[in-house]
Amino acid sequence: MKLRRIVALVLVLFAVVLPGPAPVMTPPAADAQGMDVFLNVTGGGTKKLNIAIPEFTVVAGADTAGNGKQLASVTGADLTFSGLFSVVAATGTIPANNAEALRRSWTDFAAAGAHAGLHGLLALRGDRAEVEMRLYDLTNPDHRLIASKKFEQPIASARRLAHKVADEIVMQFTGERGIADTKIAYASGPRGAKEVVMADYDGAGAASVTRNGSINLSPTWSPDARSLAFTSYKQGYPDLYRAFPFERRPEQTLAAFAGINTSPAFSPDGRSLALTLSKDGNPEIYVLDLVSGTLRRLTRHAGIDTDPTWAPAGQMLAFASDRGGAMHVYVMDPQGTNVRQLTTSGFHTQPRWSPRGDMIAYTQRTGAHEIWVVDADGSNARRLTNGGGDNQSPTWSPNGRHIAFQTNRQGRWQIYAMLVDGSAQEPITKNAGDSTSLSWSPRLP
Amino acid sequence: MHSRGAQLTVALVILGVLAAGCAKRPATAELASAPAPTGAASTTPGSMTAAPAPSSSESATAAPAPAAAAPATSAPAAPGARPSPREFVAVAELKDVFFDFDKYDVRPGDAKILDANASWLKSNDNLVLIEGHCDERGTNEYNLALGERRAKSAMNYLVSQGIQASRITIISYGEERPLCTDKTEDCWAKNRRAHFLVKPR
């Protein structure tokens, strides 16, 4: 019955994390142990699950680079970013294979308010690093082991181990894997000389994707997180290409028609790409079949049609169009029919359908630019940023709980992220140059 | 060790709560989350790699080949018909025209500039590249579309004055190549332009 206690505790803790109305939730069919929780969520709050993360214990090899400390720190930052956890500060490590020392540590952490404890065991073998995570429930005196799991990476990408551990912890407490093991791709550099780079979702480890010395824009991840479509002037004109940043593989040309070739958006199954082409006279939305190479035109209108984005099941697309005067967000089916205007009053571009399907984020221009979201049925439009500068290019985290965007609120364009209710707006990049035109990857393979 | 039955149930309940908190419609929220592109999240990390088709390592080499080739072949106008922008140079006789914020129609006062450009082009049989530019206000992809429309407006005007359309190529730089980088209306006005370049036939 101890199990039920932690269960109840966790439910209460999480129930108050997210603001919103008061849905009455009943759990799925009770299992063999007879769980019967009936939860009534009332109102917002900031209560989070407190987790203790001491430095990881090195159990093999010599940790000359301080990985044990760094991995604990990155895991803690990932869990803090999730908005669900509060990290209980700690110094020192728990010795390996010492049950009594572990018990004493967890007892102390529990006394300091920790509900859960993470013990990371780090083994360094040649150029490989392996982490075993052991997650404990500190709300009962037995410090029950909730989960243990091992991850391995080349030591050069040891940081990913922390992201994977954090994502597993989120999985243990929410049933859905976290989003720390993801990348953000963006255009870096001044106007006239932008290259595509990618970094961890938290901005660390930026690495070049393109190095062609021209203008590169709008990198967009494929659903398998292995490739990026982007617009580049590397052959002189704004054409669409595809890069494979994790492989030694040449870039492909996706579309090089007369006029603009912009706004790539992979379909959820990865088999086709929605894009904007002006080859037939003015900017229209097309779908390119990536296997057969056939091109299908979706919009036929004298106005500007651009910024296509797919609903997560691929059954609809949203796009931005000035066919009604100012730019607004419209939706249509993948045949280009059943076009419906979703937003009114204002000037809206860059719609981005949430991975949960329930919302569409977009950029509204009212003097400055702000990030808004609207429910997928067109109701409940609300502003998320009010940042003093411009805020553009929203992109969703794979779980739909965060939106990253570019803002110049501190001068240079930098990437920020926030929770989907607009709270916790924090910088992701602190680069010397401008960082713009971003795309958050799906979970990495 | 982990994933005991009751705990999984709990996890589902919590997930439901989270989804409801985001979506405001608990019933549809869970449905909507099911077919998400990262729906493979419920599988193991290992099987993630095989998820959507085009780039799983085997199909990757097969699929992209036609993808790369096909658009090129289905765009017969593209190769050859697009001279490299680098081959074009500015000439003092061809003047820029400017546009109002968010507009792409030729301003009445600028028509005489285009008349003069057309007249010079009639006596100088060059190819013409018209660049369309925007100020920094506006999002990237929209500005690429707007810049294209500005270049096209200028092109249409020249054609109406008797310049052969086949001599003219247009390119949009959106907001990517500003003349002026201050955040003032004066500066923005200088950036909202169509710029003319030529190269000998």
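Predicted, not measured: the structure shown is a model, and the values here were computed from it. (Residues numbered from 1 in each chain as written. Chains lettered and ligands numbered in written order. Predicted model: local features only at pLDDT ≥ 70, side-chain atom pairs only at ≥ 80, totals over all residues.)

Student: Sorry if this is basic, but what is going on with the overall build of chain B here?
Tutor: A tally of regular secondary structure across chain B gives eight helices and four strands. For chain B, the sequential pattern of α-helices and β-strands runs α-α-α-α-α-β-α-β-α-β-α-β. The burial tally for chain B puts 42% of its 201 residues in the buried class. Long-range pairs, those at least 24 residues apart, make up 65% of the contacts in chain B between residues at least 6 apart in sequence. (Helix = DSSP H or I, 4+ residues; strand = E, 2+ residues; numbered from the N terminus. Buried ≥ 20, exposed ≤ 12 C-beta atoms within 10 Å, placed from the backbone. Contact = placed C-beta atoms within 7 Å.)

Student: Please explain the sheet that holds strand β28 (residues 391–396) of chain A as it appears in this structure.
Tutor: Paired through backbone hydrogen bonds, the strands of a sheet run either parallel or antiparallel to each other. Residues and elements named next belong to chain A. Here we have four strands laid out as an open sheet, ordered β28-β29-β30-β31, and antiparallel in their pairing. Two strands in the sheet have a free side with no partner beyond their single neighbour: β28 and β31 (426–427). Alignment of β28 against strand β29 (residues 402–407), held across four bridges, turns out to be antiparallel. When the bridges of β29 are listed, Q392 appears paired with Q406. (Pairing = 2+ DSSP bridges.)

Student: Just to check I follow, could you spell out the domain arrangement of chain A for this structure?
Tutor: By a widely used convention, the size of an interface equals the accessible area lost when the partners come together. Examined at the domain level, chain A breaks down into domain 1 (11–27 + 35–45), domain 2 (48–174) and domain 3 (184–440). The straight-line distance from the C-alpha centre of domain 1 of chain A to that of domain 3 of chain A is 34 Å. (Domains from an automatic or database assignment.)

Student: How do you make sense of the nonpolar core when you look at a structure like this?
Tutor: In a soluble, globular protein the nonpolar side chains are often hidden away together inside. With 149 residues, the main nonpolar core has I51, V131, I184, I360, I403 and A404 of chain A together with I130 of chain B as its most contacted residues. Looking at this core, the element that brings in the most residues is helix α7 (residues 140–160) of chain B, giving nine residues. Sequence-distant contacts of I403 of chain A, that is, excluding residues within four places in its chain, are made with A361, I371, L384, P394, T395, W396, A417, M418 and V420 of chain A. (Core = buried A, V, L, I, M, F, W, Y, C linked by C-beta atoms within 7 Å.)

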